[in-house]
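Read off the chains here:
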Amino acid sequence: IGATDSKPIAYQKITGSESQQILIPVGKCDIYIVANYKGAKFDANTTRTILEEETFTDEAVLEQPFVMLGVYSGVMISREGKIMYGGTDITQNIKLERVAAKVTLNLNAAETVVIDSVCINNRASVSFLIPDKPHTSGATNNKNVKLETPGNTYSFYLPEYIVNEEHKTKSTYVTVYAQV
């Protein structure tokens, strides 16, 4: 979606894996690319405000293929079709990022310590699709995970969690439960 403040100036739904082009008029605009998202149905009437207000749950973070996002504010589209972003031509290299981070814990404990479970505290249970807003007040949860197999590596995904002053004391943290 190529968007101005109030309305989209270009929109195209892409299905399949073949390369496709989206025609965006010459000039300055913001580009939002959303891939693999099963939430709201975006269309030719989707505005920047709709994108910025769209949220998803922590369960949606685990769905594959992963939701991917590319946000490019203030790009210039030239008459030749080049997309300039911050002085760099990104026409052939528009990058998308996962809307969640993969966190891997490597827990190294003495042989006499048995790790039972880990708890991810203050996880964002709801996150904005466009990660420019601070986390919604009170929308956190704790996820306690019993380790099924012995080992010292555990991976999980966290949705975007931008904190503001109110939430600085509520940052996400991990508690490890073990037996000695």
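We now turn to the structure provided with this report. Given the structure is predicted, the values throughout are model-derived calculations rather than measurements. (Residues numbered from 1 in each chain as written. Predicted model: local features only at pLDDT ≥ 70, side-chain atom pairs only at ≥ 80, totals over all residues. Heavy atoms only, no water.)

Turning next to the overall build of the chain. When its secondary structure is counted, the chain shows 2 helices and 14 strands. Counting every position in the chain, which comprises 180 residues, the buried fraction comes to 34%. When contacts within the chain are restricted to residue pairs at least 6 apart in sequence, those whose partners lie at least 24 apart make up 72%. When the accessible surface of the chain is split by element, carbon and sulfur atoms take 49% of a total near 11300 Å². (Helix = DSSP H or I, 4+ residues; strand = E, 2+ residues; numbered from the N terminus. Buried < 20%, exposed > 50% of the residue type's maximum accessible area, 1.4 Å probe, protein only. Contact = heavy atoms within 4.5 Å. Areas by Shrake-Rupley, 256 points an atom, 1.4 Å probe, with all protein chains shown as cover.)

Our next topic: the nonpolar core. In this structure, Tyr37, Phe56, Val99 and Leu129 are the most contacted members of the largest nonpolar core, which totals 15 residues. Excluding its chain neighbours within four sequence positions, the residues that come into contact with leucine 129 are Val34, Tyr37, Phe42, Leu51, Glu54, Thr55, Phe56, Val67, Leu69 and Val99. (Core = buried A, V, L, I, M, F, W, Y, C linked by side-chain atoms within 4.5 Å.)

This part takes up the packing of aromatic side chains. Two descriptors summarise a pair of aromatic rings, namely the distance from one centre to the other and the angle between the planes of the rings. Using the criterion set out here, one finds 2 aromatic pairs in the structure. Measuring from centroid to centroid gives 5.0 Å for phenylalanine 66 and tyrosine 157, while their planes differ by 45°, and the two rings are tilted. Of this pair, phenylalanine 66 sits in the loop between helix 2 (58-62) and strand 5 (68-77) while tyrosine 157 is found in strand 13 (residues 153-159), placing the two residues 91 residues apart along the sequence. With respect to class, phenylalanine 66 is no different from tyrosine 157; both count as buried. Just above the ring of phenylalanine 66 sits the side chain of arginine 98; from NZ or CZ to the centre is 4.7 Å. (Phe/Tyr/Trp six-rings, centres within 6.5 Å; stacked < 30°, edge-to-face > 60°. Lys NZ or Arg CZ within 6 Å of the ring centre and 35° of its normal.)

What follows covers the pairing of strand 13. The element strand 13 is extensively covered by neighbouring structure, given that 5 of its 7 residues are classed as buried. Pairing analysis gives 7 bridges linking strand 9 (residues 100-106) to strand 13, with the strands arranged antiparallel. Bridging from a neighbouring strand, lysine 102 pairs with tyrosine 157 of strand 13. (Pairing = 2+ DSSP bridges.)

Structurally, glutamate 52 is set in helix 1 (residues 48-53). Given a relative accessible area of 25%, glutamate 52 falls into the partly exposed group. Along the primary structure glutamate 52 and isoleucine 130 are separated by 78 residues, whereas in three dimensions their C-alpha atoms are 5.4 Å apart.

What follows is about the environment of arginine 123. Structurally, arginine 123 can be placed in strand 10 (residues 114-124). Exposure remark for arginine 123: the relative accessible area of 6% places this residue in the buried category. Counting along the chain gives 49 residues from arginine 123 to threonine 172, while the straight-line C-alpha distance between them is 5.7 Å.

Right, let's talk about the environment of asparagine 106 for a bit. Within the element layout of this structure, asparagine 106 appears in strand 9. Assessed through its relative accessible area of 52%, asparagine 106 is described here as exposed. Taking C-alpha positions, asparagine 106 is 8.8 Å from serine 155, a pair spaced 49 residues apart along the chain. Those residues within four positions of asparagine 106 in sequence are excluded, and the remaining contacts are Asn152 and Thr153.

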